[in-house]
Amino acid sequence: MSRLKAFGFLLVFLVPATLPAAAWLAGNGLPPALAGWFPLFALFVLLPLLDYALGHDSANVPPALEARLARARWFRGLTLAALPVHLGVLAWSGWWFSSTDLGVVGAAGWLLSQGVVGGVLAINTAHELIHKDSRLEQAVGGLLLASVGYHGFKVEHLRGHHVHVSTPEDASSARYGQGLWHFLPRALLRNTRNAWRLEAERLRRLGLPALHWRNELIGWTLVWLAMAAGMTAWLGPAGLGFFLLQGLFAASSLEVINYIEHYGLERRRLPDGRYERTTHLHSWNSDYRLSNLMLFQLQRHSDHHAFPKRPYAILRHHADSPQLPGGYAAMFVLALVPPLWFRVIHPRLAAFRGG
């Protein structure tokens, strides 16, 4: 991997920077109602345009270098740094929201913007961390998820999604012909419920009740409640509303990405009733250079599901995986309009199945 690409992963911090950039614009002539929407404009208009302009990156790290890069402190440090950056931006964002007259339109834009930023910096980074074995990375991942109130993801993603991906049992795998707006509320509710069920089953195997101090989700829920209480004590009801809604929008943005990553893909059921092993053919892949750097290569999702423990820096591009026609930012916008999504994705899905 070149030094340029290694340093390129710093681009993830441009995502939270769109929020203070919006506040600066509001202080320099842009109406606050428009400034509240600037981060979404940057992430869903400017980023896709730059993504297409900069093109693809299908190069893989040579196998001989993978072990060294997997141990590199630089890549680990970037993911750990996301916690103080996210918490700092979240606190500042809540203060700016509470102290600025944004109007209804501007407030809606700011909350959605903060939610998307949290989906990228908190949830996406936590996704990388919770797959690691160290207690530090697990704890940082849990704190990031608690900050958006979607801490059940820490349990359900590992013990549910990765087990059942691309099957009817997985709430985060959209069926063929299922529109986003049908998928999204069901994914949020089912995944939250499944997380508590999975943790209760784990405790039951240990001979413990579900409501026990060793229930991981109880601990993270207390952390979330403490954060909510802190925002309320500091900023009042506006701070509480901000904290709760940004979390809802962050979790929703995650599930939109889940929709994109697995739409219409299915694992075959074997004669013994089990499903075939998960491979790089059961997730959509995207090799657009810029958005991969800004998402810790989440878009190389096919390889992640084939090898869940593989660190983001050495995830591989697979040319024979189903390929998205753009990065996640462009696909996010497309998924919001189901008829357009179907029109673009169904021919690609048919070609992939035919191949």
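Residues numbered from 1 in each chain as written. Predicted model: local features only at pLDDT ≥ 70, side-chain atom pairs only at ≥ 80, totals over all residues. Heavy atoms only, no water.

Caption draft 1: Main features of the overall build of the chain. Per the secondary structure count, the chain includes 15 helices and zero strands. Relative to the compact-globule value of 20 Å for 355 residues, the chain shows a C-alpha radius of gyration of 20 Å, a close match. Looking at the chain alone, contacts between residues at least 24 apart form 72% of all its contacts between residues at least 6 apart. Looking at the chain as shown, the accessible area adds up to about 15,700 Å², and 68% of this sits on carbon and sulfur atoms. Charge centroids of the chain, computed over 32 positive and 21 negative side chains, lie 4 Å from each other. (Helix = DSSP H or I, 4+ residues; strand = E, 2+ residues; numbered from the N terminus. Rg over C-alpha atoms; globule rule 2.2 N^0.38 Å. Contact = heavy atoms within 4.5 Å. Areas by Shrake-Rupley, 256 points an atom, 1.4 Å probe, with all protein chains shown as cover. Lys, Arg positive; Asp, Glu negative; His and termini not counted. Charge placed at Lys NZ, Arg CZ, Asp CG, Glu CD.)

Caption draft 2: Molecular detail of the packing of aromatic side chains. Within this structure, the stated rule accounts for 18 aromatic pairs. Considering the side-chain rings of Tyr263 and Trp341, the 5.7 Å spacing of their centres and the 85° angle between planes classify their relative orientation as edge-to-face. Highlighted residues: Tyr263 in the loop between helix H11 (216-262) and helix H12 (289-294) and Trp341 in helix H15 (residues 338-354), separated in sequence by 78 residues. Using a relative accessible area of 0% as the deciding quantity, one classes Tyr263 as buried. An aromatic cluster of three or more residues is present, and its members are Tyr176, Phe183, Tyr259, Tyr263, Trp341 and Phe342. One cation-aromatic arrangement involves Arg310 over Phe307; the distance from NZ or CZ to the ring centre is 4.2 Å. (Phe/Tyr/Trp six-rings, centres within 6.5 Å; stacked < 30°, edge-to-face > 60°. Buried < 20%, exposed > 50% of the residue type's maximum accessible area, 1.4 Å probe, protein only. Lys NZ or Arg CZ within 6 Å of the ring centre and 35° of its normal.)

Caption draft 3: Representation of empty space enclosed by the protein within the structure. A complete count under the given rule lists three cavities of 30 Å³ or more for this structure. Considered as a void within the structure, the largest cavity measures approximately 350 Å³ in volume. Together, 25 residues line the largest cavity, and Gly119, Val120, Ile257, Leu295 and Tyr328 are the ones closest to its centre. Elements supplying a minimum of two residues to the lining of the largest cavity: helix H4 (38-54), helix H7 (103-129), helix H9 (153-164), H11, H12 and helix H14 (328-335). Top contributing element to the lining of the largest cavity by residue count: H7, with six residues. When its residues are assigned to classes, the lining of the largest cavity shows 16 nonpolar, eight polar and one charged. Considering only enclosed or pocket space, the second largest cavity measures out at about 60 Å³ in volume. For the second largest cavity, the full set of lining residues is Asn124, His127, Glu128, Leu295, Phe296, Gln297, Leu298, Arg300, His301, His304 and Leu315. Counting residues per element, the ones that place at least two in the lining of the second largest cavity are H7 and helix H13 (301-306). If one sorts the elements of the lining of the second largest cavity by residue count, H7 sits on top with three residues. Across the lining of the second largest cavity, the residue classes break down as four nonpolar, five polar and two charged. (1 Å grid on protein atoms, 1.4 Å probe; cavity = no way out; pocket = protein on both sides within 12 Å on 5 of 7 lines; lining within 4 Å. Points joined across faces, edges and corners; volume = space filled by probe spheres on them. Nonpolar A, V, L, I, M, F, W, Y, C, P; charged D, E, K, R; others polar.)

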